[in-house]
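Take a look at the letters that make up each chain.
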Amino acid sequence: MNARANETTLEHVRQLLERADEAPTLQALAEAASLSPSHLQRAFRRRYGMSPAEYHRARRFGQLKNALRKGAAVTDAVYDAGFGSGSRVYEHSDRLLGMTPASYRAGGAGADIRYTTTATPLGRLLVATTSRGICSVTLGDTDAELTERLANEFPKASLERVDAGREEWLDAVIARIASELGWSHAAAPELPPLDVAATAFQWRVWNALTRIPAGTTKSYGELAAELGMPRAARAIGNACGNNRLALIVPCHRIVREDGSLGGWRWGVERKRELLASEQHRDEPQRKRSAA
């Protein structure tokens, strides 16, 4: 099957998933595409960044989130989005919504978020955590700016500022960032669990970003090709733009196709300074490798 025919076939499968109220079996989709189930699974993941089952689930959660934002009752929204029961929503809500449907509809009401701020060479850094894990890492000029941004992201959550040394997870994130970026010579502690809502595709992009070595960059197109999705450069850009974990997920290492920096959610000048610092620290290692 040539590339154009293969793309047409996969788009046909995607349309079947878009129209399906209940998730079709992989066998049924494979028969519709005249492909083996294993071939379809691999090809669909390469093209769209997730399996057919993950795509269908993410689509339904998208419908659910839209309905909840508009104020629909949770039960109505769950069934209108095609879920057979509320329990099936709650099985995946932590990963795809970051909270239960009722909490999402209420703007994060009931969530307890603890946060702290600290000075870095790039300005002020805010780290925030829920009871499940780290939910936000952001950079800014002032504590007031960062706190306002956090409040806007979680408008109905309970926010509590804590001082350094009083919250193990917050301190661990700060220590790890400082160590990995050369701001501290102390050993980097283990990264705490994360509590960030994202699609399967976004997680795949973010995981790929963490594998880019410090001191190097890749373009959107290069990362898309590495993921087996050469036409997904724009979608990768959107995933980078939705990253709420500054420095933990190093989207600053992505540049435009011509090598120019492009934008960065936390400021292009910070991006320029951060990349220069990483390249300077990595230079001795590159020289040793070339020798």
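The rules we used
- Residues numbered from 1 in each chain as written.
- Predicted model: local features only at pLDDT ≥ 70, side-chain atom pairs only at ≥ 80, totals over all residues.
- Heavy atoms only, no water.
- Helix = DSSP H or I, 4+ residues; strand = E, 2+ residues; numbered from the N terminus.
- Buried < 20%, exposed > 50% of the residue type's maximum accessible area, 1.4 Å probe, protein only.
- Contact = heavy atoms within 4.5 Å.
- Areas by Shrake-Rupley, 256 points an atom, 1.4 Å probe, with all protein chains shown as cover.
- Polar contact = N/O pair within 3.5 Å; in protein donor to acceptor, adjacent residues only side chain to side chain.
- Salt bridge = Lys/Arg side-chain N within 4 Å of Asp/Glu carboxyl O.
- pLDDT = per-residue confidence, 0-100.
- Pairing = 2+ DSSP bridges.
- Axes fitted to C-alpha atoms, helices over the stretch in contact; angles between N-to-C directions.

On to the overall build of the chain, then. Of regular secondary structure, the chain possesses 13 helices and 6 strands. Across the 291 residues of the chain, 42% fall into the buried class. If you take every contact in the chain between residues at least 6 apart in sequence, the share linking residues at least 24 apart comes to 57%. Carbon and sulfur atoms form 49% of the exposed surface of the chain, whose accessible area is close to 14600 Å².

Topologically, Ser-219 is positioned in strand 5 (residues 218-219). Classification of Ser-219 as buried rests on a relative accessible area of 5%. At a separation of 3.1 Å, a polar atom in the side chain of Ser-219 contacts the side chain of Glu-257. With sequence-adjacent residues up to four places away left out, Ser-219 is seen in contact with Ile-254, Val-255, Arg-256 and Glu-257.

Once that is clear, we can look at unusual backbone geometry. It is generally the case that most residues other than glycine have a negative phi and that most peptide bonds are trans. Phi is positive for Ser-34, close to 55°, though the residue is something other than glycine. Within the fold, Ser-34 resides in the loop between helix 2 (26-33) and helix 3 (37-48). A residue is classified by how much of its surface remains accessible, and Ser-34, at 65% relative accessible area, is exposed. Unlike most non-glycine residues, Leu-247 shows phi in positive territory, near 75°. Mapped onto the elements of the fold, Leu-247 is located in the loop between helix 12 (233-241) and strand 6 (254-255).

Further remarks concern the pattern of salt bridges. On inspection of all chains with the given rule, the structure shows 11 salt bridges. A single salt-bridge network, built from bridges that share partners, covers Arg-124, Asp-143 and Arg-161.

As a further point, take the side chain of Thr-120. Turning to its location among the elements, Thr-120 is positioned in strand 1 (residues 112-120). A polar contact is formed between the side chain of Thr-120 and the backbone nitrogen of Leu-122, at a distance of 3.0 Å. Of note is the side chain of Thr-120, whose polar atom sits 2.7 Å from the backbone oxygen of Gly-123. With sequence-adjacent residues up to four places away left out, Thr-120 is seen in contact with Leu-125, Leu-139 and Trp-183.

Moving on, we get to the confidence of the model for the chain. In this model, the chain carries an average pLDDT of 78, and 75% of its residues clear a pLDDT of 70 or more. In this model, residues 81-99 is a region of pLDDT below 50 whose contacts with residues beyond four sequence positions or in other chains number 58 contacts.

A few words on the sheet that holds strand 2 (residues 123-129). Taking strand neighbours across the sheet as the criterion, the 4 strands line up as 3-2-1-4 in an open arrangement whose pairing is mixed. Because the sheet does not close on itself, it has two edges, and the strands there are strand 3 (134-140) and strand 4 (158-161). The average angle at which neighbouring strand axes cross in this sheet is 25°, direction not considered. Inspection of the sheet shows strand 2 paired to strand 3 by 6 bridges, in the antiparallel sense. Bridging across to strand 3, Arg-124 finds its partner in Gly-140. In the packing of helix 8 (residues 143-153) onto the sheet, the strands contacted are strand 1, strand 2, strand 3 and strand 4, and the crossing angle to strand 3 comes to about 145°. Against the sheet, helix 9 (residues 168-180) contacts strand 1, strand 2 and strand 3, and its axis sits at roughly 140° relative to strand 2.

What follows concerns the pairing of strand 3. Of all 7 residues making up strand 3, 7 are buried, and the element is well covered by its neighbours. Between strand 2 and strand 3, which follow one another and run antiparallel, lie 4 residues.

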